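Examining the three-dimensional arrangement
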Amino acid sequence: MTTSSSIAHHQPGTPARDHHEEEHHDHHGPAKGWRRWLFATNHKDIGTMYLLFSLLMFFVGGTMAMVIRAELFKPGLQLVDPMFFNSMSTMHALIMIFGAVMPAFVGLANWMIPLQVGAPDMALPRMNNFSFWILPFAFTLLLSTLLVPGGGPAGGWTMYPPLSLQTGNAFPMLIFSVHLMGASSIMGAINVIVTIMNMRAPGMSLLKMPMFVWTWLITAYLLIAVMPVLAGAVTMLLTDHYFGTTFFEAAGGGDPVMFQHIFWFFGHPEVYIMILPAFGIVSEIIPTFSRKKLFGYDSMVYAVASIAFLSFIVWAHHMFTVGMPLAGQLFFMLATMLIAVPTGVKVFNWTATMYKGSLSFEPPMLFSLAFLFLFTIGGFSGLMLAIVPADFMYHDTYFVVAHFHYVLVPGAVFGIMAGVYYWLPKWTGRMYNMTLAKLHFWLSAIFVNVLFFPQHFLGLAGMQRRIPDYGTQFSDWNMVSSIGAFGFGLSQLLFAYLIFSSMRAGAQASDKVWDDAKPHGLEWTLSSPPPYHSFETAPEVK
Amino acid sequence: MVKIVKCALAAVLASLPAHAFAAWELNMPVGVTELSRRIHALHMLILWVCVVIAIAVFGVMIYSIVKFRRSQGAVAATFDHSTRAEIVWTVIPIVILVAMAVPAAATLVRIEDTRNSELTIKVTGYQWRWHYEYLDQNVQFFSSLARDSNAARQLNSGIDPRSVPNYLLDVDHPLVVPAGKKVRVLLTAGDVIHAWWVPEFGMKKDAIPGFVNELWFRADQVGIYRGVCAELCGRDHGFMPVVVDVRSQADYDSWLKTQQDGTKTANAAE
């Protein structure tokens, strides 16, 4: 039953392998019914559960965003109480970050890392099961805070004290759900590292690994480094609230700003946790549909590693307005600006990959191209935010909201969608409806800009973040932004439809899926869908 | 290139009806202080640097997408690296970044120089109003959201916000300061973290319970300048505006005298 036994049974070169495999298949196929999912140890089953969970959370968090944008459609309060509005923006962030984007990447890692490194499964299948099944409990706990006295957490996803300490009965539930999410992420990260380090096919040296594997390896180290820091920060909040400690209270010798330093020491690497695997995905897709090798593979790897390193020394750029010494502000400004260099290298390398290629525009390529343009716009606004004096104006305005949504939605989320459209036929064995997928792309790409681009203008004109109502001079752009939001939200129903319909019907996908583009990588050497234990015999990598 | 883009933008804007400008605002205000003007100039500098880089990078991307289409019979080349190109596009960004960092650092040094102020006001943030105290002048008062805004902002109040002048940006007692004087603001808070921000002055800083932050401004023009609390501070975070009434020295002096007399009367009455 366990994966390790299947490895032991299948030494390369075992005679009569085919016969053995057939016999094996009877005993080691998926369990029937709910047991297959609850007791899942198979990387593909767990990957599927992660991805479907992430899709569900994407719609839950998206619905909250719709509530936010509906209230902001015009000035005045029409729909919700300001407290409920605040808990919507707080929960929207927590659910999208920890429930949608991160589990989507872990799901992609579960599906693709064994296929890409030539392994039969993830290294630690039972921990894999545990790390997934924590999540439904964590998010049930988090969502149920909306029903308790005092309402959901409303102090922002950053949980800054003293405000977060004013949370009602939701407070310990929030802290415990964050602990659970952290534990799940750490286990997922350990699994990724152990798999990549130990289960690569013979001949696959580190610098021959696919970029998606590389970016996930580095992401996993970031996760292990910073999730415990978040757990520590929220535990200190808990003891401040219930056990009389004063870590973050000046009256007892503490400092509320210390929480911000600790939080952002987690928070900034967290930002890269949500984008590096997307870098990996588009680094797979752009070469495929340009029919040309990735330009500057080595420098791509070094750029990701540099970004990961720099992510640990820039955290205070999230909090320039707290009153730091001049030297501190200068240091964090310069370190932050430096990130533009490796990020620029990546953008230039993707562009050089397309240059003199032979491009075609299937849905995964369309999403990757939108990623390339729109993530770069988010990069530019990020550079502007690094300039401390200008940040004194931008900080805590809609300019910041526009910036991080540009890197997270057409950045991370489009990266995930590109990956799904690229590998979905490999997973289900069926092609999806290309015309509908392209329609989903164009609707998403247009509406995401209608939604977020005007928010730059709002922020520059002086609209602050996290408000349920605003001065009438901001009415027009807010209305445009809300229309974009409704359009973007509705367009995502197409995405869900395409995924579910491809599970049931559609033309059989070939092994390579994109035959016309001749994709490189071990995942394309397996059937579509791949056998239950993926590579039972390790492939040779030249 | 920059000029062409500027001209194009200007042409687009000029074609819009004039009354649309106030609402469809696109950019940061220039403001009325030395710092706000320097920050605005810095903002425009980096904006244009980004626009120029974007035109170059997006230009190559669009060129590649249009020119090297498989449907047009493009055949892929086989190169996969170029050490020279990679060095060039590592070094050039570093040079641009250094060029941007120098004026930014100079402005930052100026911002942090709070010496030689002529008036000090202690600002304390509360949920959800501001308290202003003129140090050594014996004047202090609270500043809360104006009544008409407060009535209109209630859930389903039935009052059209457009009918309320300066909706959500008006208070009962504005902060009054003299024009042309360096005003130092000491910031703290009584409950949770707030942030005091007047866009026309260019500065924003957090008001943190138990700690004192400082910022300074010198407003050149008489007028009323409106801002907000910029740090999420709970239910009514969006409803604690900052209004600063900048008056001539003479007007300020007479206002201060009235306030001080009012304080004395109040003290005598007790």
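Residues numbered from 1 in each chain as written. Chains lettered and ligands numbered in written order. Predicted model: local features only at pLDDT ≥ 70, side-chain atom pairs only at ≥ 80, totals over all residues.

**Section: the overall build of chain B**
For chain B, the count of helices and strands is five helices and 10 strands. At 25 Å, chain B has a C-alpha radius of gyration far larger than the 18 Å of a compact globule built from 270 residues. Dimensions of chain B, computed from the C-alpha atoms along their principal axes, are close to 90 × 50 × 35 Å. Within the span of chain B, comprising 270 residues, buried residues form 33% of the whole. (Helix = DSSP H or I, 4+ residues; strand = E, 2+ residues; numbered from the N terminus. Rg over C-alpha atoms; globule rule 2.2 N^0.38 Å. Buried ≥ 20, exposed ≤ 12 C-beta atoms within 10 Å, placed from the backbone.)

**A closer look at the overall build of chain A**
For chain A, the count of helices and strands is 18 helices and zero strands. Rg of the C-alpha trace for chain A: 23 Å, near the compact-globule value of 24 Å for 542 residues, within the 12% margin. Based on the C-alpha atoms only, the size of chain A along its principal axes is roughly 75 × 55 × 45 Å. Residue burial in chain A is summarised as follows: out of 542 residues, 60% are buried. Pairs at least 24 apart in sequence give 82% of the contacts found in chain A among residues at least 6 apart. (Contact = placed C-beta atoms within 7 Å.)

**Concerning the interface of chain A and chain B**
In this assembly, 81 residues from chain A lie in contact with 82 residues from chain B. Counting only elements with at least two residues in the side of chain A that touches chain B, the list comes to helix H5 (82-117), helix H9 (256-273), helix H12 (326-338), helix H13 (340-354), helix H14 (363-386), helix H15 (388-394), helix H17 (434-461) and helix H18 (475-504) of chain A.

**Things to note about the packing of helix H16 (residues 398-428) of chain A against H17 of chain A**
Residues and elements named next belong to chain A. For the pair H16 and H17, interaxial distance at closest approach is 7 Å and the crossing angle is 165°. One element, H16, and the other, H17, form an angle in the roughly antiparallel class. Regarding H16 and H17, the two cross each other, and that crossing is left-handed. Contacts from Tyr398, Phe399, Val400, Val401, Ala402, His405, Tyr406, Val409, Pro410 and Tyr421 in H16 reach Ala437, Val448, Phe452, Gln455, His456, Leu458, Gly459 and Leu460 in H17. Per-class residue counts for the contact of H16 with H17 are 14 nonpolar, four polar and no charged. (Axes fitted to C-alpha atoms, helices over the stretch in contact; angles between N-to-C directions. Parallel < 35°, antiparallel > 145°, perpendicular 65-115°, else oblique. Left-handed = near helix turned anticlockwise from the far one by under 90°. Nonpolar A, V, L, I, M, F, W, Y, C, P; charged D, E, K, R; others polar.)

**As for the pairing of strand E9 (residues 223-229) of chain B**
Residue and element names in this part refer to chain B. Two elements, strand E6 (residues 194-198) and E9, share two bridges in a ladder whose sense is antiparallel. By the bridge assignment, Trp197 is partnered in E9 with Val228. Pairing analysis gives five bridges linking E9 to strand E10 (residues 242-247), with the strands arranged antiparallel. By the bridge assignment for E10, Gly227 is matched with Val242. (Pairing = 2+ DSSP bridges.)

**Regarding the sheet that holds E6 of chain B**
Residue and element names in this part refer to chain B. In space, the five strands of this open sheet follow the order E4-E10-E9-E6-E7, with mixed pairing throughout. A single partner strand is all that each edge strand has here, and the edge strands are strand E4 (175-178) and strand E7 (203-207). The sheet shows a mean angle of 25° between the axes of neighbouring strands, direction not considered. One ladder, built from four bridges, connects E4 with E10; its direction is parallel. Across the sheet, residue Pro178 finds its bridge partner in E10, namely Arg247.

**Some details on H16 of chain A**
Note on helix geometry: an α-helix contains 3.6 residues per turn, so any two residues three or four positions apart are oriented the same way. Residues and elements named next belong to chain A. Roughly 40° is the biggest bend found in H16, and it falls at Tyr422, with proline Pro425 one to four residues downstream. Counting buried residues in H16 gives 30 out of 31 residues, a clear majority hidden from the surface. Just downstream of H16 lies Gly429, where phi reads positive at about 80°. (Bend = angle between axes of the 7 residues up to and from the residue.)

**Quick notes on the sheet that holds strand E1 (residues 119-126) of chain B**
Residues and elements named next belong to chain B. Read across the open sheet, the five strands follow the order E3-E2-E1-E5-E8; overall the sheet is mixed. Taken across any chain shown, the strands that pair with only one partner, and hence form the sheet edges, are strand E3 (139-143) and strand E8 (213-217). Direction aside, the axes of adjacent strands within the sheet are offset by 20° on average. The pairing of E1 with strand E5 (residues 183-189) spans seven bridges and is parallel. Each bridged residue has a counterpart across the sheet, and for Leu119 the counterpart in E5 is Val183.

**Some words on the nonpolar core**
With 247 residues, the main nonpolar core has Val101, Val282, Phe371, Ile387 and Ala418 of chain A as its most contacted residues. Those residues in contact with Ala418 of chain A that sit more than four places away from it in its chain are Ile281, Val282, Ile285, Pro364, Phe367, Ser368 and Phe371 of chain A. (Core = buried A, V, L, I, M, F, W, Y, C linked by C-beta atoms within 7 Å.)

**A short note on the pairing of strand E2 (residues 129-134) of chain B**
Residue and element names in this part refer to chain B. Sheet topology note: the E1/E2 ladder contains six bridges and is antiparallel. Bridge pairing links Tyr126 to Arg129 in E2. The hairpin formed by E1 and E2 contains two residues between the paired strands. As paired elements, E2 and E3 share five bridges and run antiparallel to each other. The partner of Tyr132 across the bridge, within E3, is Phe141.

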